[in-house]
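# Chain and residue survey
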Amino acid sequence: MHIIVCIKQVPDTEELPRVRVNPEDNTIVREGIKSIINPFDENAIEEAIRIKEKNSAVVTVISMGPPQAKDALRKALAMGADKAILISDPVFAGSDTLATSFTLSEAIRKIGNFDLILLGKQAIDGDTAQVGPGLAEWLGIPQVTYVRRLEIKDKLIKVERVLEDCFEIVEVKLPAVVTVTKEINEPRYPSLKGLLRARKAEIPVWGNDYLGLPLDKVGLDGSPTRVTKVFVPEPPPKGKIIEGDLNQKVEKLIEEIKKRDLLKWLR
Amino acid sequence: MTRGNRLSGVFGLFGVFGSFSLSGKSGERGEMSYKRVTQKIIDKLESITGRENVLTKEEDIEPYSHDETPQLKFSPEVVVKVKDTSQVHQLLALCNKEKIPITPRGGGTGVTGGAVPVKGGVVLSFEKMNQIKDIDIENQMVVVQPGVINGNLQRELEKEGLFYPVNPASMDSCTIGGNVAESSSGANAVKYGGTKEYVCGIKAVLPSGELIKAGGKLVKNATDYRLIQLITGSEGTLAAITEIILRTVPLPETRVDLIVPVNKLSTVKNIISKIWQEKIIPASIEYIDELTIKITKDFVQQPPSLPVAHHYLLIGVDGKEERVTKDIEILGQICMDEKVEDVLVAEDRPAREKLWKLRQSIRDALLKFSLTMVEEDIVVPRSKITEFVEKINQVCSEYSLTAGVFGHLGDGNVHLNLLKTSSCQDEWEKKVKKALDKLFKIAISMGGKISGEHGIGLVKKAYLPLVMSPAEIDIIRKTKLTFDPNNILNPGKIFDL
């Protein structure tokens, strides 16, 4: 069995106050910002490794991004992935979810045989949750999103999807694209042995020389999405602090609750 | 309201009124002469700090009647929240004149009853004196009021590229004033030391109301009787600290934490001694036993994924990237040589935070597991620490006691938490007492002491004569009386007068 995991390197959320937006093209300025593997993608890596441990699969991890995304791939190798490939080329810069999923799908075609493609349900920076589904469309294979449990049954997988008000159990024929939620597992810490091995690992970089994709389908030119404005939202209005002694506070609180009809949902 | 209304449980037997009484003088001295807080006093207090900063209602003062020591509670008569040094000065002068006990309080996260007002009277809360007054980058010093939360200070300093390495597990609720009063320490003490290594200046008010200023933004200072060191760790019994100057260090470029699951204590011992031989100084060498990990993993949301083992070492290294990379390679080799199956690496922030959140949740998890808990904080020379942990296991199995054992192995400091699993309280208490007597004697024979970082406070007071001679106790008693002749400041703590 061959599992491909697509991962993205994202800014560490702790760094968000320091993240700047380039006013010219509305993209995030990543220089000097510490990066991590998108947390949901870590769950995808973990799931792939667990399947590998149970069913003797081969796990290939790919990432599309700038050269420093190799760090994310190395961590995936340290966790137990077998191979890593970086998809990187200046012509891919500025890709939206359409161009990204196209580029990834072409890279996956180049890799060849695969049974399962795993991704996190969404990236914590863009939050679009579109690359997984886009990938499935480009490849013309089934997709199941928001998966919190996954069971391999020969050429089928049985998965449990998290929906707003229920769980949905679905069986899907392989090959398929699956995006996973945080609940699916707890990612392991990479082992030191794995880390030392990963440090020395050769990670091939596939640029457009190798992939040969039409320039109007990649990067900014291949991206119909235009971000017209990025702005920092206004902080939500401050809560009201009720002053007074305990009795006064309780009275005022009841008054406020009544005035705003806050308990209407109880009726 | 009853003065010193005591609602205690287990410590009544062998903590506060324990089997060791201090020789000669009675603990009653002073108490007899304390006055109650009258309406007249309350009026005066209100004129000092303003009405809104004086609490007298039962529900308002309840939070100030305990710290985090299980089942220990004494109500103050009044709580006063101060805003500046001048108010502290007026308050102490008033209490001293009126002979009213006054207990300074930081975050109330202590675990030996240090901030609990045993004799009633006034609780002096520093929660409103929580300003970071000056971050002096050039001198790498910071000037803070005592009520600054440790974690807030750390985050502010980090923005300036500075690091205050003392990180008690309660860092997000304990205050710097409390840290200084208790001479607290944290998981980074192996490389960086504890609070006492960082205090360069103290502004404090004596019980008489006089203000003293010791030290300054000075790395070196050999001009007095080490007043700073005397006040640091005095558990609020000598003076009320109103300003602190702390030294900081440059923020390390990077940090990596290693998790080493081990099955034999002898392996732990070998790993630690090899770390010293290799001349590596990790920031932290923490130890957690199997039971503690299990209980804490059940307690926290989304616990980190850890393999099953009898013992866990958590080794943190920080510094320049290249150095850290090299250190973890050497540490990895040490562990491999000791046949440790594998070492896990927490490199990026979320991974490390998850791990430290687990470490910092241990105490709450153990308390949830067994609300009746006796916790000890024994320290021995660090070469003896694994031997001592071995003894803990032996003694606990001898008395069939359940214990969660964790701590700062690299500092020779271990937290032994005896958990009540049997239903009979009396029998359990008896066994705990016997086991602790035995373990204290063992620790002392190894050259150890009964507290590494939690202080003596109220609940370890009875054991002080085990580790201090009459002459030593006499000299600290005389020191106390020099600072506080009327014994109004945090009376009843550390030793009886």
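Above this text sits the structure in question.
Let us look at the structure shown here. Numbering of residues begins from 1 in every chain and follows the order in which that chain's sequence is written. Each chain is given a letter, starting from A, and each ligand a number, starting from 1, according to the order in which they appear as written. Local features in this predicted model are restricted to residues of pLDDT 70 or higher, and side-chain atom pairs are both shown and tallied only at a pLDDT of 80 or more, whereas totals for entire chains, interfaces and linings draw on every residue. Side-chain metrics rest on all non-hydrogen atoms present in the structure, leaving aside hydrogens and water.

A word on the overall build of chain A. Helix and strand definitions follow DSSP, with helices as H or I runs of at least four residues and strands as E runs of at least two, each counted in order from the N terminus. In terms of helices and strands, chain A carries 7 helices and 13 strands. With respect to the principal axes defined by its C-alpha atoms, chain A has extents near 70 × 50 × 40 Å. Whether a residue is buried, partly exposed or exposed follows from its accessible area with a 1.4 Å probe, protein chains only, as a fraction of its type maximum: under 20%, in between, or over 50%, in that order. Looking at chain A residue by residue over its 267 residues, the buried ones come to 46%. Of all intrachain contacts in chain A linking residues separated by at least 6 positions in sequence, the fraction that spans at least 24 positions is 71%. Exposure was quantified through the Shrake-Rupley algorithm and a 1.4 Å probe, taking into account, for residues, occlusion by the shown protein chains and nothing else. As displayed, chain A has an accessible area near 15200 Å², and 54% of this comes from carbon and sulfur atoms. Residue contacts are counted whenever heavy atoms from the two residues lie within 4.5 Å of one another.

Here we take up the overall build of chain B. Counting its regular elements, chain B contains 17 helices and 18 strands. Note that the radius of gyration is over C-alpha atoms, with the globule rule given as 2.2 Å times the number of residues to the power 0.38. In terms of overall size, chain B behaves like a compact globule, its C-alpha atoms giving a radius of gyration of 23 Å where 497 residues would be expected to give roughly 23 Å. By its C-alpha atoms, chain B is 70 × 60 × 45 Å across when sized along the principal axes. Put simply, 75% of the contacts in chain B that link residues at least 6 apart link residues at least 24 apart. Surface exposure of chain B reaches about 20200 Å², of which carbon and sulfur atoms provide 51%. Lys and Arg are tallied as positive, Asp and Glu as negative. Neither His nor the chain termini are counted. Here the site of a charge means NZ on Lys, CZ on Arg, CG on Asp, or CD on Glu. Taking the average place of the 64 positive charges on the side chains of chain B and the average place of its 64 negative ones, the gap between the two points comes to 5 Å.

This next bit is on a negative patch on the surface. For patch building, the residue pool is restricted to those with more than 30% relative accessible area and no salt bridge; the joining distance is 9 Å between like charges and 5 Å between nonpolar side chains (Val, Leu, Ile, Met, Phe, Trp, Tyr). Basic side-chain nitrogens of Lys or Arg form a salt bridge, by our definition, when they fall within 4 Å of a carboxyl oxygen of Asp or Glu. On the surface, Asp71(A), Glu321(B), Glu322(B) and Glu347(B) cluster together into a negatively charged patch. For Glu347(B), the position within the fold is in the loop between strand E15 (344–346) and helix H12 (349–360).

All names here are of chain B. For each structure, a 1 Å grid was placed over the protein atoms alone; sets of points admitting a 1.4 Å probe that cannot get out are labelled cavities, open sets with protein on both sides within 12 Å along at least five of seven lines are labelled pockets, and lining residues have an atom within 4 Å of a point. Grid points are joined across faces, edges and corners, and a volume is the space filled by probe spheres set on the points. Scanning all chains against the criterion turns up 2 cavities of 30 Å³ or more. Surrounding the second largest cavity, Ile259, Ile288, Ile293, Leu306, Tyr312, Leu313, Leu314, Leu355 and Leu358 form its lining. Of all the elements in the fold, those that place two or more residues in the lining of the second largest cavity are strand E14 (311–319) and H12. Top contributing element to the lining of the second largest cavity by residue count: E14, with 3 residues. Here the residues of the lining of the second largest cavity are counted per class, giving 9 nonpolar, no polar and no charged. Amino acids are sorted into nonpolar (Ala, Val, Leu, Ile, Met, Phe, Trp, Tyr, Cys and Pro), charged (Asp, Glu, Lys and Arg) and polar (every other residue, Gly among them).

Facing 27 residues of chain B, the contacting portion of chain A comprises 20 residues. The term buried area refers to how much accessible surface (probe radius 1.4 Å) is lost by two components on association, counted for both of them together. With both chains or domains summed, chain B and chain A bury close to 1900 Å², and 54% of this area falls on carbon and sulfur atoms. Of all residues in chain B, Ser305(B), Val345(B) and Arg349(B) give up the largest surface area on contact with chain A, accounting jointly for 27% of the area buried on that side. Ionic pairing is found between Lys75(A) and Asp348(B), a salt bridge with its closest N-O pair at 3.2 Å. Pairs of N or O atoms are called polar contacts if they sit within 3.5 Å, as long as, within protein, a hydrogen donor faces a hydrogen acceptor (for residues adjacent in sequence, only side-chain-to-side-chain pairs). Across the chain B-chain A interface, the total number found is 10 residue pairs in polar contact (both at pLDDT 80 or more). Among the elements of the structure, helix H11 (321–337), E15 and H12 of chain B are those that each provide at least two residues to the side of chain B that touches chain A. Per-element tally for the side of chain B that touches chain A: the top contributor is H12(B), with 6 residues. Residue classes in the side of chain B that touches chain A are distributed as 13 nonpolar, 4 polar and 10 charged.

The next point concerns the sheet that holds strand E9 (residues 211–215) of chain B. Residues and elements named next belong to chain B. Note: two strands are recorded as paired if DSSP finds a minimum of 2 bridges between them. On the basis of which strands lie adjacent, the open sheet formed by 5 strands has the order E5-E6-E10-E8-E9 and antiparallel pairing. Two strands close off the open sheet at either side, each with one partner strand: strand E5 (132–136) and E9. Pairs of neighbouring strands in the sheet enclose a mean axial angle of 10°, with direction left out of account. Bridge analysis of strand E6 (residues 141–144) against strand E10 (residues 240–247) gives 4 bridges, and the strand direction is antiparallel. Within E10, the position partnered with Val142 by the bridge is Leu246. Lines are fitted to the C-alpha atoms to define the axes, a helix being fitted only along its stretch in contact, and any angle between axes, read from their N-to-C directions, falls within 0 to 180 degrees.

All names here are of chain A. Only rings of Phe, Tyr and Trp enter the pairing, Trp through its six-membered ring, and a pair is recorded when the two centres are within 6.5 Å. The plane angle decides the type: under 30 degrees is stacked, over 60 is edge-to-face, the rest tilted. Scanning the entire structure with this criterion turns up 5 aromatic pairs over all chains. With centroids separated by 4.9 Å and ring planes inclined at 45°, the aromatic side chains of Trp206 and Tyr210 adopt a geometry described as tilted. Residue classification places Trp206 among the buried positions, given a relative accessible area of 12%. In this analysis the charged atom, NZ for Lys or CZ for Arg, is taken to sit over a ring once it is within 6 Å of the ring centre and within 35 degrees of the ring normal. Above the ring of Tyr210, the side-chain terminus of Lys110 is found at 5.3 Å from the ring centroid. One residue, Arg148, lies across the ring of Phe167, its end atom 3.6 Å from the ring centre.

Let us look at the environment of Phe406(B). Residues and elements named next belong to chain B. Tracing the chain through its elements places Phe406 in strand E17 (residues 402–408). Spatially, the C-alpha atoms of Phe406 and Leu313 are 9.7 Å apart, while their sequence positions differ by 93 residues. If near-sequence neighbours (up to four positions away) are discounted, Phe406 is found in contact with Tyr287, Ile288, Thr292, Arg359, Ile362, Leu366, Val414, His415 and Asn417.

This next bit is on the pattern of salt bridges. Evaluated as defined, the whole model comprises 51 salt bridges over all chains. Here Asp115(A) makes a salt bridge to Lys155(A), at a shortest N to O gap of 3.1 Å. You can see Asp115(A) sitting in the loop between helix H3 (97–111) and strand E8 (116–120) and its partner Lys155(A) sitting in the loop between strand E9 (143–153) and strand E10 (156–162), a full 40 residues away along the chain. On the basis of relative accessibility, which here comes to 16%, the residue Asp115(A) falls in the buried class. Where Lys44(B) meets Glu98(B), a salt bridge forms, and the shortest distance between an N and an O atom there is 3.7 Å. Separated by 54 residues along the polypeptide, Lys44(B) in helix H2 (residues 39–49) and Glu98(B) in helix H4 (residues 85–98) bring together distant segments of the chain.

With that settled, consider the pairing of E10(B). Residue and element names in this part refer to chain B. Counting buried residues in E10 gives 7 out of 8 residues, a clear majority hidden from the surface. Looking at chain direction, strand E8 (residues 199–205) and E10 are connected through 6 bridges and run antiparallel. Looking at E10, one finds that Ile202 is bridged to Ile244.

Moving on to the pairing of E6(B). Residues and elements named next belong to chain B. A two-sided burial pattern is seen for E6, the buried positions comprising Met141 and Val143 on one face and Val142 and Val144 on the other. In the sheet, E5 pairs with E6 via 4 bridges, with the strands oriented antiparallel. Note that in E6 the partner of Asp136 across the bridge is Met141. From the end of E5 to the start of E6, which pair antiparallel, there are 4 residues, and Gln140 there has a positive phi angle of about 50°.

With 15 residues, helix H7 (residues 246–260) of chain A extends 21 Å between its outermost C-alpha atoms, agreeing within 8% with the 21 Å of an ideal straight helix rising 1.5 Å per residue. In the stretch just after H7(A), Asp261(A) is the one whose phi turns positive, near 50°. Here a helix's expected span is defined as the number of its residues, less one, multiplied by 1.5 Å.

Residue and element names in this part refer to chain A. If you trace the 9 strands from one edge of the open sheet to the other, you get E11-E10-E9-E12-E8-E1-E6-E7-E13, paired in mixed fashion. Two strands bound the open sheet, and with one partner strand each, they are strand E11 (167–173) and strand E13 (205–206). Sheet analysis places E9 next to strand E12 (residues 176–180), joined by 3 bridges and oriented parallel. When the sheet's bridge partners are listed, Gln143 is paired in E12 with Val177. With respect to the sheet, helix H1 (residues 39–55) is in contact with strand E1 (2–7), strand E6 (58–64), E8, E9 and E12, its orientation differing from that of E8 by roughly 145°.

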